[in-house]
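# Chains, contacts and geometry: an overview
Chain by chain, the residues:
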Amino acid sequence: MPFVTKYGTIFGQLVQQLGRVIFVSPSASYAIDGRSYDASDENDGLSPERALRTLSQALTNARSGEGETVFLLRGTHAQTATLRWNKSVGIVGERPLVDVPGAAIGVMPPSILSFVGAAAPGLSIEANNVELGHLT
């Protein structure tokens, strides 16, 4: 994740929103700005340096209807069970460095939401005003 820093993305800003941003790491350890961190559901997730480990914990911590966003750090976020998204909270991933369809210039992969072994649907959106963005 060389393009995320403690200040945001390569351009210094995250997706604009009204409420809190809750960060989720795709793995137990991750790097930001050249430093290693440990993700844990015991963290508060309110800073890239204190990312949560699971998307389900981010949903538990989020407050519905307050303009909050769950930000998936770059990488593959694997879900093994259906996640019932029952709060009005957005889910966004890191934008690719170059957002050009079909560009083959070695761009790092974006945030990926994977459902391995989960019964269909892997993500059940059960609330209004849930925005999904920059996810594969």
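The sections below set out a description of the structure shown in this document. Not measured: the values here are computed from a predicted model.

### Some remarks on the side chain of Ser124
Its place among the elements puts Ser124 in strand β9 (residues 123-125). Polar side-chain contacts of Ser124 include one of 2.8 Å to the side chain of Glu126. Those residues within four positions of Ser124 in sequence are excluded, and the remaining contacts are Thr82, Leu83, Arg84 and Trp85.

### Focus: the pattern of salt bridges
Summed over the entire model, instances satisfying the criterion amount to 6 salt bridges. Ionic pairing is found between Arg50 and Asp44, a salt bridge with its closest N-O pair at 2.9 Å. Residue Arg50 is classed as partly exposed on the basis of its relative accessible area, which comes to 36%. Judged by its relative accessible area of 35%, Asp44 falls in the partly exposed class. Linking Arg63 and Glu68 is a salt bridge whose minimum nitrogen-to-oxygen distance equals 3.2 Å. For Arg63, a relative accessible area of 38% gives the class partly exposed. Several salt bridges share partner residues, and in doing so they unite Arg20, Arg63, Glu66 and Glu68 into one network.

### Focus: the pairing of strand β7 (residues 90-93)
Of the two faces of β7, the one holding Gly90 and Val92 and the one holding Ile91 and Gly93 are both buried throughout. Both strand β4 (residues 69-72) and β7 contribute to a ladder of 4 bridges, which runs parallel. Counterpart to Leu72 in the pairing with β7 is Gly93. The sheet contact formed by β7 and strand β10 (residues 132-133) spans 2 bridges and is parallel. Of the residues in β10, the one forming a bridge with Val92 is Gly133.

### Observations concerning unusual backbone geometry
Although it is not a glycine, Asn129 sits at a positive phi angle of roughly 60°. Structurally, Asn129 is set in the loop between β9 and β10. Given a relative accessible area of 71%, Asn129 falls into the exposed group. A positive phi is found at His134, a non-glycine position, where the angle reads about 55°. Structurally, His134 is set in the segment after β10.

### Side note on the sheet that holds β10
Read from one edge to the other, the open sheet built from 4 strands follows the order β1-β4-β7-β10, with strand pairing classed as parallel. Lying at the two open borders of the sheet, with one neighbouring strand each, are β1 (21-24) and β10.

### Considerations on the nonpolar core
Counting 17 residues, the largest nonpolar core has Leu55, Val70, Leu72 and Trp85 as the members making the most contacts within it. If we skip the residues at most four places from it in the chain, Leu55 touches Val24, Val70, Leu72, Gln79, Leu83, Trp85 and Leu113. One finds Phe23, Tyr37, Leu73 and Val92 within the second-largest nonpolar core, a separate group that totals 10 residues.

### Examining the environment of Thr54
With respect to the secondary-structure elements, Thr54 resides in the loop between β3 (35-38) and α1 (55-61). Along the chain, Thr54 and Ser25 lie 29 residues apart, while their C-alpha atoms are 7.3 Å from each other. Those residues within four positions of Thr54 in sequence are excluded, and the remaining contacts are Val24 and Asp41.

Thresholds, definitions, all that
Residues numbered from 1 in each chain as written. Predicted model: local features only at pLDDT ≥ 70, side-chain atom pairs only at ≥ 80, totals over all residues. Heavy atoms only, no water. Helix = DSSP H or I, 4+ residues; strand = E, 2+ residues; numbered from the N terminus. Polar contact = N/O pair within 3.5 Å; in protein donor to acceptor, adjacent residues only side chain to side chain. Contact = heavy atoms within 4.5 Å. Salt bridge = Lys/Arg side-chain N within 4 Å of Asp/Glu carboxyl O. Buried < 20%, exposed > 50% of the residue type's maximum accessible area, 1.4 Å probe, protein only. Pairing = 2+ DSSP bridges. Core = buried A, V, L, I, M, F, W, Y, C linked by side-chain atoms within 4.5 Å.

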